[in-house]
Amino acid sequence: MHRNTFALAIPMILSNLTVPITGLVDTAVIGHLEHPHFLGATAIGSLIITMIMWAMGFLRMSTTGLTAQAFGSEDGFAMRQSLFNAVLLALMIAIIVLLSQSLLWQVAIAFMGASPEVTEFATVYFDIRIWAMPALLLRYVFVGWLLGMHNAKAPLMILLVSNIINIALDILFVVYWDMGVAGAAWASLVADYCGLLVGIFAVYFRLKKIPASYSFVQLIQRNAITRLLKLNRDIFIRTLALESVFYIQTSVGASLGDLILASNAVLMNFVMLMAHGLDGFANAVEALAGKALGKARRQEFMSAIAISGFWSLICSLLFTLIYWLLGDMIINGMTNIEEVRQVAKEYLPYLVFIPLVAVWSYWLDGVFIGITRMTEMRNSMLFAVIFVFIPAMFSVKLIGNHGLWLAFYCFMFMRALGLAIYLFRLDKQGRLC
C-alpha cells in the first residue's frame, strides 16, 4: 500500500506543484514591474478565473470517484460512461461561462473594493484569460478520469507541458516583449490549450485498452446522469463556499490598501504551493479508497486512509520547514518592491505553520471524494465558512490584516474537524466498506 500510494502521489505532487510554481513565476515577473497595482491586478484577475475554475472542480472530483469505483469493479462500460458524461457536462458549462463572461466579471469585481488602476488592468487580464475556459474544464475531466484509472503519469505530463509553456511565455511576453498584465494572460491562454492537446492524446490511448462493444448512445443513461448531477451539485455548493473564503480574504485585503493587497497576493502563493503539494496524497487516496470501495475490501480501504494520512503529515512538516528556512528568500524572489517585501515578511509567520493545520482537511477531502460522499463534504464546508470564518473576519476591524490570517486558520481547523466527525459516524454506521 505504501508503494501504491507513492506511485500515485509522487506524480500528482509533481504535477500539482507546477500550478503554484507557475503562479510564483507570474507573481515574480509582474512583481518586478514598476507599480504595486500591476501585481494587485494580476492577483485579482487570476483569482476570479481561479474561482470560476474551482467552482467547476466537481468535474474532476466526481469523475475521479466514479471512475475509481468502476476501475475497482472492472466495469469497462462504467469507466467510459464516467468520461463521456463528464466531457459533455464540461462543454456545456464552458459555453455558458463564455456567453455570460461580462456578467460574471461585473458581479465578481463589484465587491472587490480595488483601486481604479488595479480594476483596469485586472479587466484586461480577465478578458483574455476567460477564453481558456473550454481547455481548463476539459483538462479537469481528463485529469480526473486518468487518476481514477490509477494513471498518475499522464496528468503529470498534461500539467507539466501546460505550465512549462506558461512559464516560458510569461518571460517572453512580459519581460522581453513588455506586454505587461496582458502578456501574463496570453501566456496562460496558450499554455492551457497546449495542455488540452496532451490530455486528448493521453485519454485516447488509454481508451483503446478498454474493450468496447457498445455505442455512444448506450452511454447516455438517465440514472447515471442523475447521479453525476447530484454529486456535482453538492461539490459545487461546497466549492462555492470555499471560494467565498478566498474572495472575502482578497476583497478585504484590497480594502486595506494596494500594499496589503499586493503583499497578501505574494503570501497566497505559499498557500497555493502547500495546497497543491498536499493534494498529491489526497489524490492518491481518492483513487485507492475508490478502488477499495468498488472491490468492497475494508482492510484495503482502511489501509489506504491510514497510510495516505501518515505521508500527508510528513509532507506538511516538510512545507513548514521550507517556509521557516526559505520564506524570506521566496518573498524576495517574487517582488523587488521593498514596501511589499516588508509587509509580506511581517505576516510570513502565519504561512510557516499553516501546513500543519491545513493538511487534515486536504487529506480527508481525498477520502470523501474517493467514496463519493459529497453531501458530507458540502455540509462540513458550509459550517466552517458560515459559523467560523465569517464571524472571525470581524477581528479585522480590531487587528487589521492579522485578523484576516487568523480567520483563515480558524476556517481550516473547523473544516477538518467537521470531516473527521462525519468519517467517524459513517464508519460506526457501517456505511463505508
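Report on the accompanying structure.

The rules behind each value
Residues numbered from 1 in each chain as written. Predicted model: local features only at pLDDT ≥ 70, side-chain atom pairs only at ≥ 80, totals over all residues. Heavy atoms only, no water. Helix = DSSP H or I, 4+ residues; strand = E, 2+ residues; numbered from the N terminus. Phe/Tyr/Trp six-rings, centres within 6.5 Å; stacked < 30°, edge-to-face > 60°. Patch = residues over 30% accessible without salt bridge, like charges linked within 9 Å, V, L, I, M, F, W, Y side chains within 5 Å. Areas by Shrake-Rupley, 256 points an atom, 1.4 Å probe, with all protein chains shown as cover. Salt bridge = Lys/Arg side-chain N within 4 Å of Asp/Glu carboxyl O. Buried < 20%, exposed > 50% of the residue type's maximum accessible area, 1.4 Å probe, protein only. Axes fitted to C-alpha atoms, helices over the stretch in contact; angles between N-to-C directions. Parallel < 35°, antiparallel > 145°, perpendicular 65-115°, else oblique. Left-handed = near helix turned anticlockwise from the far one by under 90°. Contact = heavy atoms within 4.5 Å. Nonpolar A, V, L, I, M, F, W, Y, C, P; charged D, E, K, R; others polar.

## Points about the environment of aspartate 279
(1) Moving on: Locating aspartate 279 in the fold gives a position in helix α12 (residues 258–295).
(2) Moving on: As a C-alpha pair, aspartate 279 and tyrosine 362 span 83 residues in sequence and 6.2 Å in three-dimensional space.

## Digging into the packing of aromatic side chains
(1) Moving on: This model, assessed by the stated rule, comprises 14 aromatic pairs.
(2) Moving on: Between tyrosine 204 and phenylalanine 205, the ring centres sit 5.3 Å apart and the planes meet at 70°, which makes this aromatic pair edge-to-face.
(3) Moving on: Here phenylalanine 383 and phenylalanine 387 contribute two aromatic rings whose centre-to-centre distance is 5.1 Å and whose plane-to-plane angle is 35°, an arrangement assigned as tilted. With phenylalanine 383 and phenylalanine 387 both in helix α16 (residues 374–392) and four residues apart, the pair spans about one turn of that helix.

## Points about a nonpolar patch on the surface
(1) Moving on: On the surface, Ile171, Val175, Tyr176, Trp177, Met179, Trp186 and Val190 cluster together into a nonpolar patch covering about 710 Å² of accessible area.
(2) Moving on: Among the elements of the structure, α8 (153–176) and α9 (180–207) are those that each provide at least two residues to the nonpolar patch.
(3) Moving on: Among the elements that make up the nonpolar patch, the one with the highest residue count is α8 (three residues).
(4) Moving on: Mapped onto the elements, tryptophan 186 comes out in helix α9.
(5) Moving on: Residue class for tryptophan 186 comes out partly exposed when judged on its relative accessible area of 39%.

## As for the packing of α16 against helix α18 (residues 401–428)
(1) Moving on: Close contact between α16 and α18 brings their axes to 8 Å; oriented N to C, the two are set at 150°. With respect to α18, the element α16 is oriented roughly antiparallel. The handedness of the crossing between α16 and α18 comes out as right-handed. Of the residues in α18, those in contact with Glu376, Met377, Asn379, Ser380, Met381, Phe383, Ala384, Val385, Val388, Phe389 and Ala392 of α16 are Gly403, Ala407, Phe408, Cys410, Phe411, Met414, Arg415, Gly418, Leu419, Tyr422 and Leu426.
(2) Moving on: Looking at the contact of α16 with α18 residue by residue, the classes come out as 16 nonpolar, four polar and two charged.

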